[in-house]
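For reference, the chains in residue letters:
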Amino acid sequence: NVVCPYHGYEFDCDGVLKKVPGICFQHSDVYDLPKYDIIEKNGWVYLNTFSDIVQNRTEIKENIFVEEEVLRNDSVVFLDMDFKCYSRILSENSLDVMHIGFVHTFGNARKPAPTEIHPPQLVGPHHYKTAYMYEAGEKSVARKIFGAKDLIIENEFILPHTTVARVIFGDKVSTVITFALPITENKSRLFVKTYRNFWQNPIFDMISEKLMHQTMMEDRSVVENIDPSGIEGKFNMRFDKLQNTYKRFYKKFIHK
């Protein structure tokens, strides 16, 4: 049982009050505590913020997004990092194609815009996806190691805080999954899974982790310096459709 350290009340693992020291009592549901399910799935631990009174366990499991990389058994590396910014900014940043060429060393500052882009499509509940063509940067792994110039990038989000960026070149796929956990209005923790279907061994796990940590540090140098009063922005371009879709539905999903 879980025992209160103040007066010794005992509750079982379902939150049912089992013992009150010094008295015999008749059980009633009004004395019980709500239970919050914790589920481990594909390397992440999920805490349900609705009690068992509100939502059942089966529904929670069914609502957790499962990426296709899990089914393919791709290699994966896990990272997390604290950011001093609102969680929505982190997700928008993950969906923003135009910042890649200017913020990241692997980006293409010479040709930062996609060469082809498709409108976001609804592919599931609160789940939107787009795809675009992109010319790989000179310092990117795809170009430097594999000689791949043209990339297909799939970008998607699942409300409220999950994003997917899938880089495809030939038969090789490199994927970044993020979850921006809100802690306060100006602090978040970004959880990241990086998958790849090539170089599947511990040495390249270390290389992948190092490269992803560098990428997160490059993002942090920018997003932490965005004035909160300016997060709605004054400028838009035609490459912002996915993050604008995310922003619009996030406000409706979270704030309304």
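Use the structure listed above.
Overview of the structure. Each chain carries its own residue numbering, running from 1 in the written order of its sequence. Restriction of local features to residues with pLDDT of at least 70 applies here, the model being predicted, together with a cutoff of 80 or more for giving and counting side-chain atom pairs; totals for whole chains, interfaces and linings are based on all residues. Only hydrogens and water are removed before side-chain values are computed, so all heavy atoms of the structure are retained for them.

1. Focus: the sheet that holds strand E2 (residues 10–11)
Stage number 1. In this scheme, strands are said to pair when DSSP sees at least two bridges between them. Helix numbers and strand numbers start at the N terminus; a helix is a DSSP run of H or I with at least 4 residues, a strand a run of E with at least 2. With antiparallel pairing, three strands are arranged side by side in an open sheet as E1-E2-E3. The two strands at the open ends of the sheet, each matched to only one other strand, are strand E1 (2–3) and strand E3 (17–19).
Stage number 2. Two strands pair when backbone bridges link them, and E1 and E2 are joined in this way by two bridges, in the antiparallel orientation. Residue pairing in the sheet places Val3 in a bridge with Glu10 of E2.

2. Considerations on the packing of aromatic side chains
Stage number 1. Pairing of aromatic rings covers Phe, Tyr and Trp, the last counted by its six-membered ring, and requires centre-to-centre distances within 6.5 Å; plane angles under 30 degrees mean stacked, over 60 mean edge-to-face, and any other angle means tilted. Enumeration over the complete set of coordinates arrives at 13 aromatic pairs.
Stage number 2. An angle of 85° between the planes, with centres 6.4 Å apart, marks the rings of Tyr86 and Tyr250 as edge-to-face. Separated by 164 residues along the polypeptide, Tyr86 in the loop between strand E6 (75–83) and helix H3 (87–95) and Tyr250 in helix H7 (residues 241–255) bring together distant segments of the chain. Tyr250 carries the same exposure label as Tyr86, and that label is buried.
Stage number 3. Look at Phe157 and Tyr246: their rings are 5.1 Å apart centre to centre, the planes differ by 75°, and that puts the pair in the edge-to-face class. In this pair, Phe157 is assigned in strand E10 (residues 150–158) and Tyr246 in helix H7, connecting sequence segments 89 residues apart.
Stage number 4. Each residue is assigned to one of three classes by its accessible area relative to the maximum for its type, calculated with a 1.4 Å probe on protein chains only: buried under 20%, partly exposed between the two thresholds, exposed over 50%. Assessed through its relative accessible area of 0%, Tyr246 is described here as buried.
Stage number 5. The rings of Tyr86, Tyr128, Phe157, Tyr246, Phe249 and Tyr250 are connected pair by pair, giving a single aromatic cluster.
Stage number 6. A cation sits over an aromatic face here: Lys193 above Trp44, 4.2 Å from the ring centre. Lysine and arginine charges are scored as sitting over a ring when NZ or CZ, respectively, is within 6 Å of the ring centre and within 35 degrees of the ring normal.

3. Examining the nonpolar core
Stage number 1. Phe83, Leu90, Phe157, Leu190 and Met216 are the most contacted members of the largest nonpolar core, which has 22 residues in total.
Stage number 2. Only E6, H3, strand E13 (187–196), helix H6 (202–223) and H7 provide two or more residues apiece to this core.
Stage number 3. A total of four residues in this core trace back to one element, the largest contributor, which is E6.
Stage number 4. Contacts: residue pairs with any heavy atoms within 4.5 Å of one another. When sequence neighbours within four positions are dropped, the list of residues in contact with Phe83 reads Leu90, Asn186, Lys187, Ser188, Leu190, Met216, Asp219, Arg220, Val223 and Glu224.
Stage number 5. For the purposes of this section, nonpolar cores are sets of buried Ala, Val, Leu, Ile, Met, Phe, Trp, Tyr and Cys residues that join through side-chain atoms within 4.5 Å. Listed in part, the 13 residues of the second largest apolar core include Val97, Tyr134, Ala142 and Phe169.

Geometric descriptors of this kind do not, in isolation, establish any biological role.
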